[in-house]
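So the chains spell out like this:
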Amino acid sequence: MANKFFYPDDYVDSILNINYERLYELGIRGLIFDIDNTIVPYNTFEIPDSILNLFENLIAKKFVICFLSNNKKKRVMHFCQLFNIHGFHTALKPTPFGFFKAVKYLNLPKSELAIIGDQIFTDVICGRLQNIYTVLVDPIVERTDFINKFKRNLERIILSKKK
Ligand SMILES: [Mg+2]
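1. Considerations on the coordination of the magnesium ion
The protein atoms donating to the magnesium ion are Asp34 (OD), Asp36 (O) and Asp118 (OD), with metal-donor distances spanning 2.0 to 2.3 Å. Of note, the magnesium ion draws all its donor residues from one chain, in the sequence arrangement D-x1-D-x81-D. You can call Asp34 buried: its relative accessible area is 7%. With a relative accessible area of 9%, Asp36 lands in the buried category.

Below, the structure is given as structure tokens:
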């Protein structure tokens, strides 16, 4: 079915509630996280303690992690430094441009990778194009500009048709 292209393997409200143990059981070892509205609100430079703790736990559980963001260098590097996690900016998701850099860095086969993000039209399609495990989360903060409202409405239609 062509629409499968838009569907994630998992859809969870927050990265805090992803079943990482299950991902590990599925053989997934590398996690590629979007930044804006996935791990932090798109409009802040701060990180809640709960999110910092989550990443510490994931690294302790032997996951290899990187960030893959369409945002610019300055913002992405800010979070890379705070988390002490490697990241790639200006990724141009859903194209494979930045994705290939992330795969090279993680040095794992695609069957062991998952991509996690809040947008169907960037994160999910990027994962689907590369045939890797794909997790969609709800955006932390709703964007109010027209283009993002439009995209969000389309995403809701796609997700409602899945059920
Ligand atoms: Mg995002």
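2. Quick look at the state of the cysteines
The tally for this structure, following the rule as stated, stands at zero disulfides. Here Cys80 stays unpaired: no disulfide links it, and the sulfur of Cys66, its closest cysteine neighbor, is 8.8 Å away.

3. Description of the pattern of salt bridges
Tallied over the full model, the rule gives ten salt bridges. Across the pair Glu21 and Lys61 runs a salt bridge whose closest N-O atoms are separated by 3.2 Å. Placement of Glu21 in helix H1 (residues 20-25) and of Lys61 in the loop between helix H2 (49-60) and strand E3 (64-68) is noted, with a sequence separation of 40 residues between them. When the shortest N-O distance is used, the salt bridge between Arg156 and Glu142 registers 3.2 Å.

What counts, and where the lines are drawn
Residues numbered from 1 in each chain as written. Predicted model: local features only at pLDDT ≥ 70, side-chain atom pairs only at ≥ 80, totals over all residues. Heavy atoms only, no water. Donors = N, O, S within 2.8 Å, 3.2 Å for Na, K, Ca; no water. Buried < 20%, exposed > 50% of the residue type's maximum accessible area, 1.4 Å probe, protein only. Disulfide = S-S within 2.5 Å. Salt bridge = Lys/Arg side-chain N within 4 Å of Asp/Glu carboxyl O. Helix = DSSP H or I, 4+ residues; strand = E, 2+ residues; numbered from the N terminus.

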